[in-house]
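Chain residues, written in single-letter form:
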Amino acid sequence: MKAVCWHGKEDMRVDTVPDPQILNPDDIIVKITSTAICGSDLHLYGGFMPTMEAGDIVGHEPMGEVVELGSAVTKFKVGDRVVVPFTIACGECFFCKKTLYSLCDTTNPNYEMARKAMGQSPAGLFGYSHLMGAFPGGQAEYLRVPKANVGPIKVPDGIPDEKVLFLSDIFPTGYMAAENAEIEPGDTVAVWGCGPVGQFSIQSAWMFGAGRVIAIDLVPERLQMAQQKGKAEIINADKEKVHERLMEMTNGRGPDRCIEAVGTEAHVGTGIDTYLDRAKQAVMLETDRPHVLRQAIMCCRKGGTISVPGVYISMVDKIPFGAAMNKGLTFKMGQTHVQRYLPTLMQKIVDGEIDPSFVITHRAPLQVAPEMYKTFRDKKDGCIKVVLKPGGVV
Ligand SMILES: NC(=O)c1ccc[n+]([C@@H]2O[C@H](COP(=O)([O-])OP(=O)(O)OC[C@H]3O[C@@H](n4cnc5c(N)ncnc54)[C@H](O)[C@@H]3O)[C@@H](O)[C@H]2O)c1
Ligand SMILES: [Zn+2]
Ligand SMILES: [Zn+2]
């Protein structure tokens, strides 16, 4: 089959690789019909994620048709259409029982490697390095899905791929980011990053009762989407001083809840710290560029909450932790417990409360994935979200 494979920094290729096989009785094989490129994939593309190996199949936002079943699969039959969460969870361990699926204790075969890096290992993830389990990813014609009785969700008849595809990651991620922000009715919620995760954080902040949503980014068309589709007030961090603007907009108190949907690759806003981070990152003195995390801590109102869906990889430098402590801030973060949110969010889509396809700007066959990575990373051609179609774009 064809699959998108990582070969090094900024080097994704479409390779011919062996078709996946059923390995365990609770596996299914899915023929992929739609699969997206995520901001998290850009950390692989940029070479920031350690333990990637040449030839690794990437991608973790897939859906498609079940074509083969292991003998212990009870939840699906051949021909079912399913969306596959990026987190692989057993459903039975201490963490899964608490619905902390992205922290599943049993699905990372490279547990020891992760334990050395983090103290304990989180769950295995599709297409996201050997540290996270070396699971072949979903930017491919076929995908083996382990723990099929726990992860994937069946798509009701008549609902097109594009409405449900983002249940695999970014819609639940935005939703959990808003839940983690501990929004109280009427709160002002500031969202840094108007990429796909930021867009769904904005949509979800309203669902949790926000009174105002303020969106911050540097890319005009992303801000425009936040304003038009997300009904957010906007700040362009390239042109305005974010801290000053937020204070003006909140009578000097700061936003009650801050969502950091940018992560480790923050770009230069109006601050100089990002230049220092880039220099340190280049010589491996720092793995991440936490410009936005710093800014959120300084802007958040006293006693507020900072929710971090943005991915960090290892070490961050010069976090104003004293400010966070003395201002009594709460931090909540993590890889999304996708399985926890699937029934609720599928229902919202079926009921027409939200159509997540509004973020899609690019549709392309799998073969042009390498080009699409570049377009998405560089935010060229108005690109906000790319959907790859292994069967071709119809
Ligand atoms: N927690 C999870 O489970 C989970 C799931 C999916 C994605 N993520 C992470 O969420 C983050 C966002 O993902 P995405 O798909 O939206 O990616 P993206 O790269 O499209 O979006 C990031 C956005 O941040 C903006 N940005 C950069 N610097 C900024 C600054 N200084 N101030 C304000 N905005 C700035 C960029 O212009 C861009 O629009 C990534 O770190 C990704 O890895 C986490
Ligand atoms: Zn993702
Ligand atoms: Zn588990």
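Below or above, wherever it landed, is the structure these notes cover. (Residues numbered from 1 in each chain as written. Chains lettered and ligands numbered in written order. Predicted model: local features only at pLDDT ≥ 70, side-chain atom pairs only at ≥ 80, totals over all residues. Heavy atoms only, no water.)

**Here we look at the side chain of Asp 161**
When you line up the elements, Asp 161 lands in helix H4 (residues 161-164). Exposure remark for Asp 161: the relative accessible area of 13% places this residue in the buried category. A polar contact is formed between the side chain of Asp 161 and the side chain of Ser 34, at a distance of 2.7 Å. Filtering out sequence-adjacent residues up to four positions away, Asp 161 remains in contact with Thr 33, Ser 34, Met 63 and Arg 81. (Helix = DSSP H or I, 4+ residues; strand = E, 2+ residues; numbered from the N terminus. Buried < 20%, exposed > 50% of the residue type's maximum accessible area, 1.4 Å probe, protein only. Polar contact = N/O pair within 3.5 Å; in protein donor to acceptor, adjacent residues only side chain to side chain. Contact = heavy atoms within 4.5 Å.)

**Observations concerning the coordination of the zinc ion (ligand 3)**
Taken together, the protein donors to the zinc ion (ligand 3) comprise Cys 90 (SG), Cys 93 (SG), Cys 96 (SG) and Cys 104 (SG), at separations of 2.3 to 2.4 Å. Seen from the zinc ion (ligand 3), its four donor atoms lie at angles of 102 to 115°, and the figure they make is tetrahedral. All donor residues of the zinc ion (ligand 3) come from one chain, and their arrangement in sequence is C-x2-C-x2-C-x7-C. With respect to burial, Cys 96 and Cys 104 carry one shared label: buried. (Donors = N, O, S within 2.8 Å, 3.2 Å for Na, K, Ca; no water. Tetrahedral: all angles 85-135°; square planar, octahedral: opposite > 155°, others 65-115°.)

**Thoughts on the site of ligand 1**
As a matter of local geometry, ligand 1 sits amid 32 residues, with Ser 40, His 43, Asp 217, Arg 222 and His 267 nearest to it. Here an oxygen atom of ligand 1 sits 3.1 Å away from a polar atom, N or O, in the main chain of Pro 196. Contact between ligand 1 and Thr 336: an oxygen atom at 2.9 Å from a main-chain N or O atom of the residue. The protein chains hide 97% of the 860 Å² of surface that ligand 1 would expose on its own. Looking at the shell around ligand 1, the elements with two or more residues in it are helix H1 (39-45), helix H6 (196-207), strand S12 (212-217) and helix H10 (291-299). If you tally residues by element for the shell around ligand 1, the top one is H1, at four residues. The class makeup of the residues in the shell around ligand 1 is 15 nonpolar, 13 polar and four charged. (Near = heavy atom within 4 Å. Areas by Shrake-Rupley, 256 points an atom, 1.4 Å probe, with all protein chains shown as cover. Nonpolar A, V, L, I, M, F, W, Y, C, P; charged D, E, K, R; others polar.)

**Some thoughts on the environment of Ile 259**
As for its placement among the helices and strands, Ile 259 is situated in strand S14 (residues 257-260). A residue is classified by how much of its surface remains accessible, and Ile 259, at 0% relative accessible area, is buried. Here the alpha-carbon distance between Ile 259 and Glu 179, two residues 80 residues apart in the chain, equals 10 Å. Once residues within four sequence positions are removed from consideration, Ile 259 is found in contact with Ala 177, Ala 178, Ala 181, Val 189, Ala 190, Val 191, Trp 192, Ser 201, Ser 307 and Pro 309.

**So, the pattern of salt bridges**
Considering all chains together, one arrives at 22 salt bridges under this definition. Measuring nitrogen to oxygen at the nearest pair gives 2.8 Å for the salt bridge that ties Glu 233 to Arg 212. Placement of the pair is Glu 233 in strand S13 (residues 233-236) and Arg 212 in strand S12, with a sequence separation of 21 residues. The exposure class assigned to Arg 212 is partly exposed, which follows from its relative accessible area of 26%. (Salt bridge = Lys/Arg side-chain N within 4 Å of Asp/Glu carboxyl O.)

All quantities given are derived from atomic positions and should not be read as evidence of function.
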